[in-house]
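Each chain, letter by letter, is given below.
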Amino acid sequence: MLQLEQVEHRDGDRIKEGLLRCDACHVGYPIVRYVPRFVPNDGYAEGFGLEWNLHHRTQYDSRSGTPLSRMRFFEETGWPDRLDGEIVIEAGSGSGRFTEHALATGALVLSLDYSRAVDANYASNGDHENLLLVQADLFQMPFPRDLADRVFCFGVLQHTPDPRRGLESLISHLRPGGELVVDAYVKTIPRYLFSPKYWVRPVTRRIPPEDLYRLTSRYVDLMWPLSRQLRRIPKLGKAINWRLLIGDYSDSIEDDQVLRDWARLDTFDMLAPKYDQPVRLRTAARWCEEMNLSSPEVRRRYSRVEIHAKRPVA
């Protein structure tokens, strides 16, 4: 059981700085800038903390002028737009682009991220009374087990040291009968062998994130005039841009500056993570079987493998 031991700075009914203490383990956890911190630093997710604070609003629908985030949240989860009275865990919130839409359902959202991205998320969503946001490890979530009605985790598992164990952790926090929606990069032999990012990642993932972000941003700016021309090529232009490690969302976003911001974000995101472990469809299906999940559905959507399942009632 966690107890509030110390309050250093209170802002109305919100605690900006303070200390939580675990009665059982006698360990203290600081509250920093309104967010309880259950990990001492970003660890292997340092690059994500950098990118999501630099691009804290880049992928929000209000910034992109498109409903991309809302569409992905509801299309991928298949959940109704009202979840009043339910508890939803979001594992790996990033800047909060999906947190925003989970909160709009009326559910109590328990959201976590391993990195300082929680600061960006809090800046955008911290005023919602149905949000509990923490900086914590997906493998050791500070939430009770058997708690959540629903859990979702988008774009995170492949960036952990052990995607299978991460899935097990998510399941353990679902109540019996609770619903799980998870995705990860899909692994195919052609995609893994012939994707340029995997050719250069052995070098780039060792570069300090701040230095790598400067390099990738300069690369995107240098290539941008060519990228504009390539995207005009019917059917092939977008694929060529992605092969050149330039994220291309021109089929959904029209504003050139917004497109460039997304490209800067995506190029860094491709090359910076310490871990990038895509998952085969049959591997994901085997995990569902081994974990005895109910009503498992494993499918490929675009470049992702999606897992939809429920925790068994008994």
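Values in this document were obtained by computation on a predicted structure and should not be read as measured data. (Residues numbered from 1 in each chain as written. Predicted model: local features only at pLDDT ≥ 70, side-chain atom pairs only at ≥ 80, totals over all residues. Heavy atoms only, no water.)

**Overview of the overall build of the protein**
Counting its regular elements, the protein contains 12 helices and 11 strands. Since a compact globule built from 314 residues should have a radius of gyration of about 20 Å, the 20 Å found for the protein is in line with a globular shape. Relative to all contacts within the protein whose residues are 6 or more apart in sequence, the contacts with residues 24 or more apart total 63%. One way to put it: in the protein the 44 positive side-chain charges average out to a point 7 Å from where the 44 negative ones average out. (Helix = DSSP H or I, 4+ residues; strand = E, 2+ residues; numbered from the N terminus. Rg over C-alpha atoms; globule rule 2.2 N^0.38 Å. Contact = heavy atoms within 4.5 Å. Lys, Arg positive; Asp, Glu negative; His and termini not counted. Charge placed at Lys NZ, Arg CZ, Asp CG, Glu CD.)

**Digging into the sheet that holds strand β3 (residues 28-32)**
Spatially, four strands are ordered β1-β2-β3-β4 in an open sheet, and the strand pairing comes out antiparallel. On the outer flanks of this sheet lie β1 (2-11) and β4 (35-36), each paired with one strand and no other. Across two bridges, β3 lies against β4 in antiparallel orientation. Residue pairing in the sheet places I31 in a bridge with P36 of β4. (Pairing = 2+ DSSP bridges.)

**Notes on the pairing of strand β11 (residues 304-310)**
In terms of residue burial, β11 counts as a mostly covered element, since six of its seven residues are buried. Two strands pair when backbone bridges link them, and strand β9 (residues 174-185) and β11 are joined in this way by seven bridges, in the antiparallel orientation. Bridge pairing in β11 places E179 opposite K310. Pairing of strand β10 (residues 294-301) with β11 involves six bridges; the strand directions are antiparallel. Its bridge partner being in β11, R299 is matched across the sheet by E306. (Buried < 20%, exposed > 50% of the residue type's maximum accessible area, 1.4 Å probe, protein only.)

**Section: unusual backbone geometry**
Of note, the phi angle at H26 is positive, near 60 degrees, even though the residue is not glycine. Positionally, H26 belongs in the loop between β2 (14-22) and β3. On the accessibility criterion, H26 (60% relative accessible area) is exposed. Not every positive phi belongs to a glycine, and Y34 is a case in point at roughly 75 degrees. The residue Y34 is located in the loop between β3 and β4 in this model. With relative accessibility at 22%, the residue Y34 sits in the partly exposed group.

**Focus on the pairing of strand β8 (residues 148-153)**
Within β8, six of the six residues are buried, which leaves it mostly tucked inside the rest of the structure. Both strand β5 (residues 87-91) and β8 contribute to a ladder of three bridges, which runs parallel. Each bridged residue has a counterpart across the sheet, and for I89 the counterpart in β8 is V151. Handedness of the crossover is the feature at issue here: the chain leaves β8, passes through helix α6 (residues 163-172), returns alongside β9, and the resulting connection is right-handed. (Right-handed = clockwise from strand over helix to strand, strands pointing away.)

**Details of the environment of R191**
Within the secondary structure, R191 is located in helix α7 (residues 189-194). You can call R191 partly exposed: its relative accessible area is 35%. R191 sits 138 residues away from N53 along the chain, and the two C-alpha atoms are 30 Å apart. Setting aside residues no more than four positions away along its own chain, R191 makes contact with V186, Y198 and S303.

**Some thoughts on empty space enclosed by the protein**
Scanning all chains against the criterion turns up one cavity of 30 Å³ or more. Around the largest cavity, the lining residues are L157, V182, D183, A184, V279, A284, W287, V305 and I307. Counting residues per element, the ones that place at least two in the lining of the largest cavity are β9, α12 (281-290) and β11. Looking at which element gives the most residues to the lining of the largest cavity, the answer is β9, with three residues. For the lining of the largest cavity, a count of residues per class yields eight nonpolar, no polar and one charged. (1 Å grid on protein atoms, 1.4 Å probe; cavity = no way out; pocket = protein on both sides within 12 Å on 5 of 7 lines; lining within 4 Å. Points joined across faces, edges and corners; volume = space filled by probe spheres on them. Nonpolar A, V, L, I, M, F, W, Y, C, P; charged D, E, K, R; others polar.)

**Observations concerning the layout of surface pockets**
In this structure, the second largest pocket occupies an estimated 390 Å³ of space. Lining the second largest pocket are 16 residues, and of these R14, Y34, Y122, L131 and L132 sit closest to its centre. Elements supplying a minimum of two residues to the lining of the second largest pocket: β2, β4 and β7 (131-135). Tallied by class, residues from the lining of the second largest pocket come to 11 nonpolar, two polar and three charged.

**Some remarks on the packing of aromatic side chains**
In total, this model carries 13 aromatic pairs according to the counting rule given. Pairing Y44 with Y114 gives two aromatic rings, centres 4.9 Å apart and planes at 80 degrees, and the pair type is edge-to-face. One end of the pair, Y44, is in the loop between β4 and α1 (46-54); the other, Y114, is in the loop between β6 (108-113) and α5 (117-125), and 70 residues separate them in sequence. Cluster of aromatic residues (ring-pair linked, three or more members): F73, F74, W79, F98, F152 and F154. (Phe/Tyr/Trp six-rings, centres within 6.5 Å; stacked < 30°, edge-to-face > 60°.)

**Details of the sheet that holds β5**
Taken in spatial order, the seven strands of this open sheet run β7-β6-β5-β8-β9-β11-β10, and their pairing is mixed. The open sheet has two edge strands with one neighbour each: β7 and β10. Across the sheet, the axes of successive neighbouring strands diverge by a mean angle of 10 degrees, strand direction being ignored. Together, β8, β9, β10 and β11 form the strand contacts of helix α3 (residues 68-77), whose direction differs from that of β9 by roughly 125 degrees. Its contacts with the sheet place α5 against β6 and β7, and it is angled at close to 160 degrees to β7. (Axes fitted to C-alpha atoms, helices over the stretch in contact; angles between N-to-C directions.)

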